[in-house]
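Here is how the chains run, residue by residue.
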Amino acid sequence: MDISLSPLLIFVILLSYMIGSISGGVIVGKIKNIDIHKKGSKTAGATNVFRTMGAFFALLVLIIDVYKGYFATCYLPHLILGESSTNTIRCLAGFSAIFGHVFPLYFKFKGGKGVGTALGTMFAFPEFHFPVAIGFLSWVVNLILTGFVGLGSILAGIIVSITFMLKTNFIFTGLSIYVIFISIFFIITHRENI
């Protein structure tokens, strides 16, 4: 867990934030000549795009949001830091991308809830694949039973954390701290839904 705050690491964190700030919802909205911040829930995530523009455009937004999280976590640290890119550094880059999605630099700090981008960051770690699959299954079941996307996202985040901790016998590592932190962050970003 011990990392030095070198100029290159700071660059990775800032660049991850800037990549996260690229808003799929705003980009797709401009293509459709729609200001997503004035429609539906007024957030720039895939869920609001689905409600206001339809499934195809929501899928485009989801792909953009997931991939930017994946790129910032899986590739960016390695490209800049090489072999010194640790899981802790990748987690920092991942969270910076999520933070950028929720508070985008380019769009007056008004973004989405961070779920798609967080999903992308988790795809970068094989250790999260099974917990994410269980979390996604819980999200689908919740959506079928309640129809509430926000509730499903909160529950999925909690279930991913619990599944990961069970899988690792409750041994606290950088990855376990990361997944718990993301679950808490989901609750914060969905507080209006609660």
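Because the structure is a prediction, the values reported are computed rather than measured. (Residues numbered from 1 in each chain as written. Predicted model: local features only at pLDDT ≥ 70, side-chain atom pairs only at ≥ 80, totals over all residues. Heavy atoms only, no water.)

> Just give me the short version of the overall build of the chain, but keep the residues and values in it.
Across its full length, the chain holds nine helices and zero strands. From first element to last, N terminus to C terminus, the chain shows the α and β order α-α-α-α-α-α-α-α-α. Over its C-alpha atoms, taken along the principal directions, the chain stretches across nearly 45 × 35 × 25 Å. With 194 residues in all, the chain has 45% of them scored as buried. Restricting to contacts in the chain with at least 6 residues of sequence separation, those with at least 24 account for 63%. Surface accessibility of the chain: about 10,200 Å² in total, with carbon and sulfur atoms responsible for 72%. With 13 positive and 6 negative side-chain charges, the chain shows a spacing of 16 Å between the two charge centroids. (Helix = DSSP H or I, 4+ residues; strand = E, 2+ residues; numbered from the N terminus. Buried < 20%, exposed > 50% of the residue type's maximum accessible area, 1.4 Å probe, protein only. Contact = heavy atoms within 4.5 Å. Areas by Shrake-Rupley, 256 points an atom, 1.4 Å probe, with all protein chains shown as cover. Lys, Arg positive; Asp, Glu negative; His and termini not counted. Charge placed at Lys NZ, Arg CZ, Asp CG, Glu CD.)

> I'd like a description of helix α9 (residues 174-189), backed by residues and values.
For the α-helix, the turn length of 3.6 residues means that residues three or four positions removed from each other point alike. Here α9 is 16 residues long and its end C-alpha atoms lie 22 Å apart, about the 22 Å a rise of 1.5 Å per residue gives. Turning to α9, its buried residues are Leu175, Ser176, Tyr178, Val179, Ile182, Ser183, Phe185, Phe186 and Thr189. Buried residues belonging to α9 abut α5 (87-102), α6 (115-123) and α8 (149-167). (Expected span 1.5 Å × (residues − 1).)

> Explain the layout of surface pockets to me, using residue names and the numbers behind them.
In this model, the largest pocket occupies a volume close to 920 Å³. Thr47, Val115, Trp139, Val149 and Ser153 are, among the 38 residues lining the largest pocket, the residues nearest its centre. Of all the secondary-structure elements, those providing two or more residues to the lining of the largest pocket are α3 (46-53), α4 (55-81), α6, α7 (129-146), α8 and α9. In this structure, the second largest pocket encloses a volume near 480 Å³. (1 Å grid on protein atoms, 1.4 Å probe; cavity = no way out; pocket = protein on both sides within 12 Å on 5 of 7 lines; lining within 4 Å. Points joined across faces, edges and corners; volume = space filled by probe spheres on them.)

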